[in-house]
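Chain residues, written in single-letter form:
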Amino acid sequence: MAPDPWFSAYDATCQIAQDIAEKIQQQNQHGRSGENTIRLTVTIRALLQSLKEKIALLKDLLLRAVSTHQITQLEGDRRQNLLDELITRERLLLASFKNEGAEPDLIRQSQVNSRSGIHGCRGFPFGGVVRGSLLEPKAD
């Protein structure tokens, strides 16, 4: 059976979000001046634009799949939750990039989670799932 294009796009989008978090972390370590920082800034802006476009694609693919009954309503809801988490992560990354109050610890936690095998959107600290696994309830 061929892989679901939604999950392929989701995985690629998660990777972009992780790349952005790593680049922001590098930028924060180097300070906000110098030639290397300018390159990082340009790269981050391009990645943020790509992330925005990929999220729009995921929304479109999800709407199409639900409206044509290619997936069940329950699966549509599960994917919508994953998409909502990605959108939240995009906002946090953008705020962190602009230094508008997103905690650098959030980015660091994201990187630690991805290295330690905690899943979600490749280490996304708010829970979620990895392709093909069931949605796990959050433990409070």
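Procedures and definitions
Residues numbered from 1 in each chain as written. Predicted model: local features only at pLDDT ≥ 70, side-chain atom pairs only at ≥ 80, totals over all residues. Heavy atoms only, no water. 1 Å grid on protein atoms, 1.4 Å probe; cavity = no way out; pocket = protein on both sides within 12 Å on 5 of 7 lines; lining within 4 Å. Points joined across faces, edges and corners; volume = space filled by probe spheres on them. Helix = DSSP H or I, 4+ residues; strand = E, 2+ residues; numbered from the N terminus. Nonpolar A, V, L, I, M, F, W, Y, C, P; charged D, E, K, R; others polar. Core = buried A, V, L, I, M, F, W, Y, C linked by side-chain atoms within 4.5 Å. Buried < 20%, exposed > 50% of the residue type's maximum accessible area, 1.4 Å probe, protein only. Contact = heavy atoms within 4.5 Å. Salt bridge = Lys/Arg side-chain N within 4 Å of Asp/Glu carboxyl O. pLDDT = per-residue confidence, 0-100. Polar contact = N/O pair within 3.5 Å; in protein donor to acceptor, adjacent residues only side chain to side chain.

Quick look at the layout of surface pockets now. Of the pockets and cavities examined, the second largest pocket occupies roughly 170 Å³. Around the second largest pocket, the lining residues are Asp4, Pro5, Trp6, Leu61, Arg64, Ala65, Gln70, Ile71 and Arg79. Looking at the lining of the second largest pocket, the elements that each hand over two or more residues are α1 (5-30) and α2 (35-67). At 3 residues, α2 tops the list of elements feeding residues into the lining of the second largest pocket. Its residues assigned to classes, the lining of the second largest pocket comprises 5 nonpolar, 1 polar and 3 charged.

Trp6, Tyr10, Ile20, Leu51, Leu58 and Leu93 are the most contacted members of the largest nonpolar core, which has 25 residues in total. Those elements that place two or more of their residues in this core are α1, α2 and α3 (73-97). Among the elements that make up this core, the one with the highest residue count is α1 (10 residues). Aside from chain neighbours lying at most four places away, what touches Leu51 is Thr13, Ile16, Ala17, Ile20, Glu90 and Leu93.

Of note in the backbone geometry, His69 takes a positive phi value of approximately 60 degrees without being a glycine. Considering the arrangement of structural elements, one finds His69 in the loop between α2 and α3. We classify His69 as exposed; its relative accessible area is 70%.

A few words now on the pattern of salt bridges. Using the criterion set out here, one finds 4 salt bridges in the structure. A salt bridge links Arg64 to Asp60; its shortest N-O distance comes to 2.3 Å. Of this pair, Arg64 and Asp60 both sit in helix α2, 4 residues apart, roughly one helical turn. For Arg64, a relative accessible area of 43% translates into the label partly exposed.

This next bit is on the confidence of the model for the protein chain. The share of residues in the protein chain with pLDDT of 70 or more is 66%, and the mean pLDDT across the chain is 77. At the low end of the mean pLDDT range in the protein chain sits helix α4 (residues 104-116), at 49; at the high end sits α3, at 96. Every residue in residues 122-140 is under pLDDT 50, and counting partners more than four places away or in other chains gives 47 contacts.

On to the side chain of Arg79, then. On the secondary structure map, Arg79 appears in helix α3. Using a relative accessible area of 4% as the deciding quantity, one classes Arg79 as buried. One polar contact links Arg79 to Asp4, side chain to side chain, over a distance of 2.5 Å. Separated by 2.8 Å, the side chains of Arg79 and Glu75 make a polar contact.

Looking now at the environment of Ser8. Looking at where Ser8 falls in the secondary structure, it is placed in helix α1. The spacing of Ser8 and Leu58 is 50 residues in sequence and 9.9 Å in space, taken between C-alpha atoms.

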